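# Examining the three-dimensional arrangement
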Amino acid sequence: MIDRNEAMAQLPLALRYPPDQRLETFVRAPEGAIDQLRAFATRESDGPRLSGADALYLAGPSGVGKTHLLLAACAAAEAAGRRAAYLPLMAASGRLREALDALEGNHVIALDGLEVIAGNRDDETALFDLHNRARAAGVGLLYAARANPDALPLSLPDLRSRLGQCTRIALVTLDDAGRREVLQQRAQRRGLQLEDAALDWLLARMDRDLRGLAALLDQLDRASMAAQRKLTVPFLRKLLQG
């Protein structure tokens, strides 16, 4: 029988990590952040052991692209021949030790949504133990949370201390120019014809977060293909207000 990790390893890279979610497609990253993530993800597995400061911690409000960067780092690691795993902690809350044990053997482990387990002593202990094992084994850990470690309601002081030693990357909500760039790039990669007037119309009416942008482009892509129509203002109005 093939276990889940083996099955995932057999999937093409584009299916495990969507092509839109790559380091090079992230818009308006903090200065140096993309190079830092790429170097972290592609480090040779037989290189020097990591220190606590080499674990990376992405912090920022919902919808700023934390998941994008975690998945992108995993994709970069696997493209470099390293084994990587991504785990949304919401899916493992209350049984985190079992889920983390299943990730053994990876060179890079990305854990998304630390705030979900904050206050659960068993889950926090499991994460603390993983952090120590990863540090000793030279495994790269990528964390993402909506707040910095000192602002999370953690019950385990030792875990807060370990997370506080991570190198931090702070992400912020995109401004209108950044959202426009995201839409333009995603549309171009899909071969979508998005008129400037239609883009202006969308930006005046849509949410600011990246998750919403991605979902919207997927919806528009399917609708445009089904109707064999360009994305004009009348067509968008019909789709989104109808």
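Predicted model only: the values in this text are computed from it and were never measured. (Residues numbered from 1 in each chain as written. Predicted model: local features only at pLDDT ≥ 70, side-chain atom pairs only at ≥ 80, totals over all residues. Heavy atoms only, no water.)

## Focus: the sheet that holds strand E1 (residues 56-59)
The strands making up a sheet associate through hydrogen bonds between their backbones, and the pairing can be parallel or antiparallel. An order of E2-E3-E4-E1-E5 is seen for the 5 strands of this open sheet, with the pairing classed as parallel. Two strands lie at the open edges of the sheet, namely strand E2 (84-88) and strand E5 (167-170), each paired on one side alone. For this sheet, the mean angle separating the axes of adjacent strands, direction not counted, is 15 degrees. In this structure, strand E3 (residues 108-112) lies alongside strand E4 (residues 140-145), joined through 5 bridges in parallel fashion. By the bridge assignment for E4, Val108 is matched with Gly140. Its contacts with the sheet place helix H6 (residues 121-137) against E3 and E4, and it is angled at close to 145 degrees to E4. (Pairing = 2+ DSSP bridges. Helix = DSSP H or I, 4+ residues; strand = E, 2+ residues; numbered from the N terminus. Axes fitted to C-alpha atoms, helices over the stretch in contact; angles between N-to-C directions. Contact = heavy atoms within 4.5 Å.)

## As for the pattern of salt bridges
Per the stated rule, a full pass over the model turns up 15 salt bridges. A salt bridge links Arg133 to Asp101; its shortest N-O distance comes to 3.8 Å. In this pair, Arg133 is assigned in helix H6 and Asp101 in helix H5 (residues 96-101), connecting sequence segments 32 residues apart. The partly exposed category is assigned to Arg133, whose relative accessible area is 32%. The exposure class assigned to Asp101 is partly exposed, which follows from its relative accessible area of 42%. Here Arg179 makes a salt bridge to Asp176, at a shortest N to O gap of 2.7 Å. Residue Arg179 and its partner Asp176 are both found in helix H8 (residues 176-190); the two are separated by 3 residues, about one turn of the helix. A relative accessible area of 3% places Arg179 in the buried class. Within the structure, one salt-bridge network assembled from shared partners comprises Asp20, Arg186, Arg189, Arg190, Asp218 and Asp221. (Salt bridge = Lys/Arg side-chain N within 4 Å of Asp/Glu carboxyl O. Buried < 20%, exposed > 50% of the residue type's maximum accessible area, 1.4 Å probe, protein only.)

## Regarding the packing of helix H9 (residues 196-203) against helix H11 (residues 233-241)
Remark: H9 packs on H11, axes separated minimally by 9 Å, with the N-to-C direction vectors making an angle of 30 degrees. Judged on the interaxial angle alone, H11 and H9 are roughly parallel. Here Ala197, Ala198, Trp201 and Leu202 of H9 come into contact with H11, specifically with Val233, Leu236, Arg237, Leu240 and Gln241. In terms of residue class, the contact of H9 with H11 is made up of 7 nonpolar, 1 polar and 1 charged. (Parallel < 35°, antiparallel > 145°, perpendicular 65-115°, else oblique. Nonpolar A, V, L, I, M, F, W, Y, C, P; charged D, E, K, R; others polar.)

## Notes on the packing of H6 against helix H7 (residues 157-164)
Interaxial distance between H6 and H7 falls to 9 Å at its minimum, and their mutual angle equals 45 degrees. The orientation of H6 relative to H7 falls into the category oblique. Viewed along their axes, H6 and H7 form a crossing whose handedness is left-handed. Counted together, Glu124, Leu127, Phe128, His131, Asn132 and Arg135 of H6 and Asp158, Leu159 and Arg162 of H7 form the full contact between these two elements. Residue classes in the contact of H6 with H7 are distributed as 3 nonpolar, 2 polar and 4 charged. (Left-handed = near helix turned anticlockwise from the far one by under 90°.)

## Some points on the packing of aromatic side chains
In the structure shown here, the tally under the stated rule is 1 aromatic pair. Judged by centre distance (6.4 Å) and plane angle (45 degrees), the rings of Tyr57 and Tyr143 are tilted. Linking Tyr57 in strand E1 with Tyr143 in strand E4, this pair joins segments that are 86 residues apart in sequence. (Phe/Tyr/Trp six-rings, centres within 6.5 Å; stacked < 30°, edge-to-face > 60°.)

## Some points on the environment of Leu23
Among the structural elements, Leu23 can be located in the loop between helix H2 (13-16) and helix H3 (33-41). Judged by relative accessible area, which is 3%, Leu23 ranks as buried. Spatially, the C-alpha atom of Leu23 lies 8.0 Å from that of Leu37, the residues being 14 residues apart in sequence. Residues in contact with Leu23, not counting those within four places in the same chain, are Ile34, Leu37, Arg38, Leu69, Ala72, Ala73 and Ala76.

## Digging into the environment of Leu130
Here Leu130 shows up in helix H6. Judged by its relative accessible area of 3%, Leu130 falls in the buried class. Residues Leu130 and Leu100, 30 residues apart in the sequence, show an inter-C-alpha distance of 7.2 Å. Residues in contact with Leu130, not counting those within four places in the same chain, are Leu100, Ile109, Leu111 and Leu141.

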